[in-house]
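Observations on chain architecture
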Amino acid sequence: MSEPEDDVIEMTEAEVEEALAWRSRVAPSLADFEVIADEAFARLPAAFRRLCAGVIIRVDDFPTEDVLEEMEAETPFDLLGLFQGIGLAQDAAVTETGRMPNLIHLYRRPILDYWAEHEDSLGAVITHVLVHEIGHHFGLSDEDMERIEAEAMDA
């Protein structure tokens, strides 16, 4: 055991038990992330969700090499999520047939890395990324996305 230091953090018994619970936890799997993302989507305002009809949410460990190159990312950890498709604002002008569905990618490993370095819960980080990427679909402002995210977290 090490010598006690002056900056030792005092913890209650419950806080110690909660901290020790991390000993046996493993990183959430892709399937776990899908469950969390589905729950986060379900907490978004109903009107917002209705406008997302047809948008597919997909969880991957990392972006593809093509995506990293296209987005000029320096490392695979630079992108937490990505909207791919035709935004709602442009959709009325597009009349092509056979186009791919709109996709929102959530990247598990970069999200876990971000979460480990910040104070937010994992659910809050996933909600933030999801709202931000859906915001690209809608062409929303940062203020609109912040409002929707706050509504979802309060739900």
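Residues numbered from 1 in each chain as written. Predicted model: local features only at pLDDT ≥ 70, side-chain atom pairs only at ≥ 80, totals over all residues. Heavy atoms only, no water.

Moving on, we get to the overall build of the protein chain. Scanning the protein chain for helices and strands turns up eight helices and three strands. In sequence order, the protein chain lays out its α and β elements as α-α-α-β-α-β-α-β-α-α-α. The proportion of buried residues among the 155 residues of the protein chain is 29%. A fraction of 68% describes how many contacts in the protein chain between residues 6 or more apart in sequence connect residues 24 or more apart. When the accessible area of the protein chain is evaluated, it comes to approximately 10600 Å², of which 51% is carbon and sulfur surface. (Helix = DSSP H or I, 4+ residues; strand = E, 2+ residues; numbered from the N terminus. Buried < 20%, exposed > 50% of the residue type's maximum accessible area, 1.4 Å probe, protein only. Contact = heavy atoms within 4.5 Å. Areas by Shrake-Rupley, 256 points an atom, 1.4 Å probe, with all protein chains shown as cover.)

Pairing in this open sheet of three strands is mixed, and the strands run β1-β3-β2 from one edge to the other. Where the open sheet ends on each side, the last strands, each with one partner, are β1 (56–60) and β2 (81–84). Each adjacent strand pair in this sheet contributes to an overall mean axis angle of 20 degrees, direction not counted. As paired strands, β2 and strand β3 (residues 103–107) are joined by four bridges and run antiparallel to one another. Within β3, the position partnered with G81 by the bridge is L106. Where helix α2 (residues 30–42) meets the sheet, its contacts fall on β1 and β3, and the angle it forms with β1 comes to roughly 145 degrees. Sheet strands touched by helix α6 (residues 108–116): β1 and β3. Its angle to β3, the strand with the most contacts, is close to 50 degrees. (Pairing = 2+ DSSP bridges. Axes fitted to C-alpha atoms, helices over the stretch in contact; angles between N-to-C directions.)

The subject of this paragraph is the confidence of the model for the protein chain. Across the protein chain, the average pLDDT comes to 86, with 87% of residues at or above 70. When the elements of the protein chain are averaged for pLDDT, helix α5 (residues 88–91) gives the smallest value, 58, and α6 the largest, 97. (pLDDT = per-residue confidence, 0-100.)

With that out of the way, let us pick up α2. The end-to-end C-alpha separation of α2 is 18 Å, in line with the 18 Å expected for 13 residues at 1.5 Å each. Regarding α2, the residues found buried are F33, A37 and A40. One face of α2 carries all of its buried residues, which in axial projection span an arc of 60 degrees. Exposed side chains of α2 directed beyond 90 degrees from the buried face belong to V35 and A42. Those residues of α2 hidden inside the fold are in contact with β1, β3, α6 and α7 (122–138). You can read the cap of α2 off the contacts: a side-chain oxygen lies 3.3 Å from the backbone nitrogen of A31, and it is on S29. (Expected span 1.5 Å × (residues − 1). Arc of directions from axis to C-beta. Polar contact = N/O pair within 3.5 Å; in protein donor to acceptor, adjacent residues only side chain to side chain.)

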